Amino acid sequence: MHVSVAMWAITIGVLIALIAADFFIGGRKPHDVSLKEAGAWTVVWVLLAIAFGGFLWWHSGSEPAGQFFAGYITEKSLSVDNLFVFVLIMAKFAVPSIYQQRVLMVGVLIALVLRAVFIAAGAAIIASFSWVFFLFGAFLIWTAWKLIKEARSDDDEEEEFEENRLLKAVEQRFPATDRYHGTKLFVRENGRRLITPMLIVMLAIGTTDVLFAMDSIPAIFGLTQDPYIVFTANAFALMGLRQLYFLIGGLLKKLVHLSYGLSVILGFIGVKLLLHALHEAGAHWAPEIGIPFSLGFIVIVLAVTTVTSLLASRKAERLESAQQPAQAPAAPANPVPAEDPAQAEAARPELEHR
């Protein structure tokens with residue numbers, strides 16, 4: 001797909017305008033995000049992604065549009081896994097609920113910029129060294145196996161967020177306050193310029209997402225090698241992530257089979273990459289997996305994973321409620337006092353006399 005410099009500029013300009021509209025309409029004033037608000041904005045971003053896919057279909061045909069939708073769904077599903085870590089980050093830094101929306105908005109923007117750098121580097125490497133597909137494919141298959149092992153582990157200990165080296169370096173070099181100052185990133189106390197926990201947690205969100213992008217970016221390059229489609233699919237998947245955090249935050253624990261579904265998708269794309277690498281190396285007997293099949297496979301895996309997760313969670317809840325001991329009957333509000341034996345003995349002659 002040929003993309004001119006003007007089309008790149010228009011696309012980035014439209015994305016910036018959408019982000020600005022999102023900020024001024026829903027995120028300018030700190031507040032607790034309701035399910036209604038999160039649901040409305042989630043629908044808006046999904047519809048915008050569908051509209052962009054329709055534009056690609058009109059502009060360049062069905063193949064680029066199919067690549068975009070396959071990449072968008074893959075990135076969206078892998079981004080949902082990031083929400084588990086976002087919850088841990090919010091808890092570790094004790095972010096007040098009214099500021100969580102601002103943290104996610106800026107953190108996601110940082111992640112998008114860093115992902116753009118990774119995408120540009122990945123596109124340059126692929127253009128120069130076709131054998132890199134072997135590395136990408138093997139890495140995705142290894143990541144899929146790792147996800148399965150983690151999902152099957154019996155370790156029930158509560159996870160904790162561990163700060164990466166960048167965060168530790170920032171905290172060591174720049175003194176920080178011990179409390180939040182609204183949405184301010186810097187404050188001046190006793191003549192010293194200090195950073196606030198707000199800045200640290202935003203960096204935590206942005207840089208942690210890039211660590212997860214180490215598998216999602218090779219995955220989308222397994223679906224398309226077009227940098228324009230890779231970038232736009234990542235952009236639309238990330239920009240709706242903030243609202244998705246508030247919408248399904250309470251449902252995350254119920255997606256018990258999500259890791260299995262993601263491992264199947266990553267393994268499938270890894271195999272697809274290896275077959276593509278063999279084909280590029282001259283092994284024309286290696287079959288090429290088309291985008292329609294890839295898109296259908298990804299959608300079916302996610303649908304099955306979601307349904308089985310909800311059924312398993314519902315069954316676990318029923319078993320847990322059945323195993324709980326029955327509560328003892330409540331004592332009456334005004335219990336009748338027990339009869340005193342001495343008083344009963346004293347009253348007996350009187351009763352016999354009557």
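The structure we're discussing is the one just above.
Parameters at a glance
- Residues numbered from 1 in each chain as written.
- Predicted model: local features only at pLDDT ≥ 70, side-chain atom pairs only at ≥ 80, totals over all residues.
- Heavy atoms only, no water.
- Helix = DSSP H or I, 4+ residues; strand = E, 2+ residues; numbered from the N terminus.
- Buried < 20%, exposed > 50% of the residue type's maximum accessible area, 1.4 Å probe, protein only.
- Contact = heavy atoms within 4.5 Å.
- Core = buried A, V, L, I, M, F, W, Y, C linked by side-chain atoms within 4.5 Å.
- 1 Å grid on protein atoms, 1.4 Å probe; cavity = no way out; pocket = protein on both sides within 12 Å on 5 of 7 lines; lining within 4 Å.
- Points joined across faces, edges and corners; volume = space filled by probe spheres on them.
- Nonpolar A, V, L, I, M, F, W, Y, C, P; charged D, E, K, R; others polar.
- Expected span 1.5 Å × (residues − 1).
- Pairing = 2+ DSSP bridges.

J.: What should I look at first to understand the overall build of the protein chain in this one?
T.: Counting its regular elements, the protein chain contains 12 helices and two strands. Counted from the first residue to the last, the protein chain has its helices and strands arranged as α-α-α-α-α-α-β-β-α-α-α-α-α-α. Relative to its full complement of 354 residues, the protein chain shows a buried share of 43%. Sequence-distant contacts, at least 24 apart, represent 79% of the contacts inside the protein chain between residues at least 6 apart.

J.: Whenever I open this one, the environment of Thr-208 confuses me. Can you help?
T.: Mapped onto the elements, Thr-208 comes out in helix H7 (residues 197-221). Between the C-alpha atoms of Thr-208 and Gly-107, which are 101 residues apart in sequence, the distance is 9.4 Å.

J.: Sorry if this is basic, but what is going on with the nonpolar core here?
T.: Most often, soluble globular proteins keep nonpolar side chains buried together rather than apart. The biggest cluster of nonpolar side chains holds 83 residues, and the ones touching the most others in it are Phe-68, Phe-86, Ile-89, Phe-93, Val-95, Val-103 and Phe-236. The biggest single contributor to this core is H7, with 12 residues.

J.: How should the layout of surface pockets be read in this particular structure?
T.: The calculated volume of the second largest pocket comes to roughly 440 Å³. Taken together, 15 residues form the lining of the second largest pocket, with Lys-76, Ser-77, Val-80, Leu-302 and Thr-306 sitting closest to its centre. Elements represented by at least two residues in the lining of the second largest pocket include exactly helix H3 (62-92) and helix H11 (291-323). Among the residues forming the lining of the second largest pocket, the class breakdown is 10 nonpolar, four polar and one charged.

J.: Which parts of the structure should I look at to understand helix H10 (residues 258-280)?
T.: With 23 residues, H10 should cover 33 Å at 1.5 Å per step; its first-to-last C-alpha distance of 33 Å lies within 8% of that length. Just beyond H10, the residue with positive phi is Gly-282, at close to 110°.

J.: Please explain the pairing of strand E2 (residues 192-195) as it appears in this structure.
T.: On a regular strand, one side chain projects to one face of the sheet and the next to the other, so that they alternate. Pairing of strand E1 (residues 186-189) with E2, which is carried by four bridges, proceeds in the antiparallel orientation. Bridge assignment links Arg-188 to a residue of E2, and that residue is Arg-193. Connecting E1 to the next strand, E2, in antiparallel fashion are two residues, including Asn-190 with a positive phi near 55°.

J.: Please explain the side chain of Gln-100 as it appears in this structure.
T.: Here Gln-100 shows up in helix H4 (residues 100-128). A relative accessible area of 14% means that Gln-100 is categorised as buried. In contact with Gln-100, not counting residues within four places along its chain, are Met-90, Val-95, Tyr-245 and Phe-246.

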